[in-house]
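# Analysis of the macromolecular model
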Amino acid sequence: MNILNTHADYAINFPLWSKVDDVCDGEEAVKAKGKTYLPVPLSFGDQDRYDEYLERAVFYGVTGMTLNSYVGSAFNKVPTFNRPDELEYLERNADGSGRSIYQVSQRLLRLIMKHYRSAVYVDFPTIEASKTKAEEKQKSAYPMIHVINAKSILDWDHVIIGNQRKLSYVKIKEVITERSDDGMSVNEVEQYRVLRLRDGAYTVEVYRISADRKEVFNTGEVVVTDYNGQTWDYIPFTFVGAVDNSDDIGRSPLLELANLNLAHYRNSAD
């Protein structure tokens, strides 16, 4: 298995997602890409002249401001969160990073506006089986909601069980940081989380890439269980789209505005 393989739809849409991201991030991100968004005119003969051309270009971040306005309008009134008492913790820390369910929802909407799609993945810590719910509660182990950027979902697949289409495979790219032994520097480590239904049971594997990108290390397969020690017969992951929650990918709601934004940027440089 080549862990770097991607879904055909991913390869088609990744450049479009990246474009909208860059435009929403503003002038610094767009100009950092140089010739990607501001091609070199045929009459230019040296790099110095292009550098001046790039410097003079005016980028007005209307796409990013529009995104912020849409999210602000959607959450102008704080939504009501109806929940059982067991889910009270979601109001304080829904994703393990201190974000409330309200903030997680805002982040999800931003990604949908930029990419047309995102995903939600629920993770639960590996603990020993509990006999009762009360025993489980004492362990302070809570399910966490992770909002996944479309650019991190590299591959996916389904199986047909009976007359139902069921998610059977998801590969997620992750970048984690590890501090050196002396604590003075931080290294980024690339890893790939594979969620899979194997023989009807939900499993998780994590693959890491070596620094020279020549070796792949598998940390081992984990068969995920609930608090009773029972396996799950589904993957706790769902795509979230602008229209529905299928794995179909449509055009970003902000793509046309981003294209217009870049056209204005090139015109200003000319």
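Above this text is the structure in question.
Right, let's walk through the structure included here. (Residues numbered from 1 in each chain as written. Predicted model: local features only at pLDDT ≥ 70, side-chain atom pairs only at ≥ 80, totals over all residues. Heavy atoms only, no water.)

### Comments concerning the overall build of the protein chain
The helix and strand tally for the protein chain stands at seven helices and nine strands. Principal axes of the C-alpha set define a box for the protein chain whose edges measure 75 × 50 × 50 Å. Contacts in the protein chain between residues far apart in sequence, at least 24 positions, make up 57% of those at least 6 positions apart. Accessible surface, the protein chain: about 16,000 Å² in total, of which carbon and sulfur atoms supply 49%. Taking the average place of the 32 positive charges on the side chains of the protein chain and the average place of its 40 negative ones, the gap between the two points comes to 2 Å. (Helix = DSSP H or I, 4+ residues; strand = E, 2+ residues; numbered from the N terminus. Contact = heavy atoms within 4.5 Å. Areas by Shrake-Rupley, 256 points an atom, 1.4 Å probe, with all protein chains shown as cover. Lys, Arg positive; Asp, Glu negative; His and termini not counted. Charge placed at Lys NZ, Arg CZ, Asp CG, Glu CD.)

### Quick notes on the pattern of salt bridges
According to the stated counting rule, one finds 14 salt bridges in the structure shown. In this structure, Lys-151 and Asp-21 form a salt bridge, with 2.8 Å as the shortest nitrogen-oxygen distance. On the criterion of sequence distance, the pair formed by Lys-151 in the loop between strand E2 (144–149) and strand E3 (153–161) and Asp-21 in helix H1 (residues 8–25) is long-range, its members being 130 residues apart. For Asp-95, the salt bridge is made with Arg-99, and the minimal N-O distance between the two is 2.6 Å. Overall, the relative accessible area of 9% leaves Asp-95 in the buried class. Three or more residues are tied together by salt bridges with common partners; here these are Arg-196, Arg-198, Glu-205 and Glu-221. (Salt bridge = Lys/Arg side-chain N within 4 Å of Asp/Glu carboxyl O. Buried < 20%, exposed > 50% of the residue type's maximum accessible area, 1.4 Å probe, protein only.)

### A closer look at the side chain of Ser-168
Mapped onto the secondary structure, Ser-168 falls in strand E4 (residues 164–179). Residue Ser-168 is classed as buried on the basis of its relative accessible area, which comes to 9%. Apart from the residues within four sequence positions on either side, Ser-168 is in contact with Asp-157, His-158, Val-159, Leu-195, Arg-196, Leu-197 and Ile-235.

### Structural notes on the packing of H1 against helix H7 (residues 255–269)
Two numbers describe how H1 lies on H7: the axes approach to 10 Å, and their chain directions differ by 60°. Taken together, the axes of H1 and H7 are oblique relative to one another. Along this stretch, H1 crosses H7, giving a crossing that reads as left-handed. Residue-level inspection shows Leu-16, Lys-19, Val-20 and Val-23 of H1 in contact with H7, the latter providing Leu-255, Ala-258, Asn-259, Asn-261 and Leu-262. Here the residues of the contact of H1 with H7 sort into six nonpolar, two polar and one charged. (Axes fitted to C-alpha atoms, helices over the stretch in contact; angles between N-to-C directions. Parallel < 35°, antiparallel > 145°, perpendicular 65-115°, else oblique. Left-handed = near helix turned anticlockwise from the far one by under 90°. Nonpolar A, V, L, I, M, F, W, Y, C, P; charged D, E, K, R; others polar.)

### Section: the packing of aromatic side chains
The final tally for this structure, using the stated rule, is 10 aromatic pairs. Taking 5.7 Å as the distance between ring centres and 70° as the angle between the ring planes, the aromatic pair formed by Trp-156 and Phe-239 counts as edge-to-face. Separated by 83 residues along the polypeptide, Trp-156 in strand E3 and Phe-239 in strand E9 (residues 237–241) bring together distant segments of the chain. When sorted by exposure, Trp-156 lands in the same class as Phe-239, which is buried. Taken together, the ring pairs in this structure connect Tyr-10, Phe-14 and Trp-17 into an aromatic cluster. Lying over the aromatic face of Tyr-50, Lys-35 brings its terminal NZ or CZ to 5.6 Å of the ring centre. (Phe/Tyr/Trp six-rings, centres within 6.5 Å; stacked < 30°, edge-to-face > 60°. Lys NZ or Arg CZ within 6 Å of the ring centre and 35° of its normal.)

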